[in-house]
Amino acid sequence: TAHRGAGGTSSARHLELQDEVVAGKSIVVVNSKGQPERIVSVVVAHVTREDGRYLVQVGKHEAKGSTPACELPGLKRESSELVGDAWCRLRTTKLGPLAEVIQVQRSERLTSKKSSKQHGVQSKYLRHVLYCSLTGGFDAPSCTALTPFDGGSWATGMGDTMTLSASGNATPRPGRPPPEVLQKMLGDFANKEV
């Protein structure tokens, strides 16, 4: 029988890892202790506004649903993909609304090791952090309050767009929750245990 862990059955986790390796998004090596170690190269964007605040991704939406994940926006490099090519892919996909107003200032390579909950194996992450600034305003999706639920929290849906400046100035539109409600909602979401 398969062992059930945080990420499902061990055989299911190993199949996901195998798919990731076949797709060229990671490799698996045997480390000096004779144990398998997954190596992943990622490119992340640390986008900072004029006021020093920076952009974070507060969740991930996948086929099985949405989960909180407060992290810098990024992606795994594909097999033989150069950092510059991965940056172009990140900029045009996850950072699409910012593509024309984002400028890389510097980069840094960081290495960390931790156990992957998803794959159930020790993982080494080679992170290429691109420190970026905004060079102008941009149009971004905004949230529309649909209905209060769960004792005052808000359910939201994507609404129109609003224009934001590089300093983050925006005016809430009628029918939208006030900024303090959105901040509380995002704070609750970011602090939610997974």
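Note that the coordinates shown come from a computational prediction; the quantities given were computed from them, not determined experimentally.

**Topic: helix H2 (residues 83-92)**
When H2 is considered as a whole, its buried residues turn out to be Ala86, Trp87 and Leu90. End-on, the buried residues of H2 take up no more than an arc of 105°, which puts them together on one face. Among the structural elements, strand E4 (36-48), strand E7 (74-76), strand E8 (102-116) and strand E9 (121-134) are those in contact with the buried residues of H2.

**A short note on unusual backbone geometry**
Even without being a glycine, Ser80 presents a positive backbone phi close to 65°. In this fold, Ser80 is placed in the loop between E7 and H2. Note on Ser80: relative accessible area 73%, which makes it exposed.

**Description of the pattern of salt bridges**
When charged atoms on two side chains of opposite charge get close, those side chains can pair. According to the stated counting rule, one finds six salt bridges in the structure shown. A salt bridge links Lys76 to Glu20; the nearest nitrogen and oxygen atoms lie 2.4 Å apart. Residue Lys76 is located in strand E7, and its partner Glu20 is located in helix H1 (residues 10-22); the two are separated by 56 residues in the primary sequence. Take Glu20: its relative accessible area is 8%, and that puts it in the buried class.

Rules used in this analysis
- Residues numbered from 1 in each chain as written.
- Predicted model: local features only at pLDDT ≥ 70, side-chain atom pairs only at ≥ 80, totals over all residues.
- Heavy atoms only, no water.
- Buried < 20%, exposed > 50% of the residue type's maximum accessible area, 1.4 Å probe, protein only.
- Helix = DSSP H or I, 4+ residues; strand = E, 2+ residues; numbered from the N terminus.
- Arc of directions from axis to C-beta.
- Contact = heavy atoms within 4.5 Å.
- Salt bridge = Lys/Arg side-chain N within 4 Å of Asp/Glu carboxyl O.

Interpretation in functional terms is not warranted from these geometric data alone.
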